[in-house]
Amino acid sequence: ISCVTWAQADKFCSWRNKRLPTEHELEKATRGGCQPGKDSTCISDTPPYSWGYGKPTCKLANFSEVPNTWGCGTWVPWAFGNGAMGPYTQGELLGNVWEWTSDYYSATFYSSLAGAGNGEPKLNPTQTSYSSQRTIRGGGFDSLAADLRGYVRKAMPESGSHPNLGFRCAQSPK
């Protein structure tokens, strides 16, 4: 679903007895989990893309492969099921549409959460300090390849609505 504001996305997920994911949940779903005990950091030890380390192509994600050719030349979001699967089998985590998260945006919040010295937050953090913007993740059909990396995050006013902006719902464990 695209062309919705943050409040509309939040209301839809609530109606489904779910919620918007945190930005940390989306990043973990995209890049996989950290492997404690390794010498490298989780940030450098996990792949940047949901499909691994290979550069984005139009077979893997819907994006602007060449500047000004949105949606791999289609100019629109794809129907679900045409993009690459993530490490936990969720589909289309990168490209197609930017995705709303439940978190307020702060330029420094996420990078300040390193736990155990490995670059991975200790728990699923949430940014609850009020801001006029929310965090979006994943890149859209009009994004260049650099925005498709799983750790890229951007700010969007809660009232923002665009064909390249959508959401997915998450469910907390019972």
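Note that the coordinates shown come from a computational prediction; the quantities given were computed from them, not determined experimentally.

Visitor: Would you explain the overall build of the chain in this entry?
Guide: The secondary structure content of the chain amounts to three helices and six strands. Counted from the first residue to the last, the chain has its helices and strands arranged as α-α-α-β-β-β-β-β-β. Counting across all 174 residues of the chain, residues that qualify as buried make up 43%. Looking at the chain alone, contacts between residues at least 24 apart form 68% of all its contacts between residues at least 6 apart.

Visitor: Explanation requested: the state of the cysteines in the structure shown.
Guide: Tallying each qualifying case throughout the model produces two disulfides. Cys-13 shares a disulfide with Cys-169; S-S distance 2.2 Å. Residues Cys-13 and Cys-169 are joined by a disulfide whose S-S torsion is about -90°; by sign, that bridge is left-handed. Note that Cys-13 is positioned in helix H1 (residues 6–15) and Cys-169 in the segment after strand E6 (165–166), a separation of 156 residues in sequence.

Visitor: Just to check I follow, could you spell out H1 for this structure?
Guide: Think of an α-helix as 3.6 residues a turn; residues three or four steps apart then line up on the same face. All of the buried residues in H1 are Trp-6, Ala-9 and Cys-13. Viewed along the axis of H1, the buried residues span an arc of 65°, placing them on a single side of the element. Facing away from the buried side of H1 by more than 90 degrees, the exposed set consists of Lys-11 and Trp-15. In this fold, the buried residues of H1 make contact with strand E1 (98–104) and strand E4 (133–137). Once H1 ends, the next one or two residues include Asn-17, with phi positive near 60°.

Cut-offs used in this document
Residues numbered from 1 in each chain as written. Predicted model: local features only at pLDDT ≥ 70, side-chain atom pairs only at ≥ 80, totals over all residues. Heavy atoms only, no water. Helix = DSSP H or I, 4+ residues; strand = E, 2+ residues; numbered from the N terminus. Buried < 20%, exposed > 50% of the residue type's maximum accessible area, 1.4 Å probe, protein only. Contact = heavy atoms within 4.5 Å. Disulfide = S-S within 2.5 Å. Arc of directions from axis to C-beta.

Purely geometric numbers; function is a separate question.
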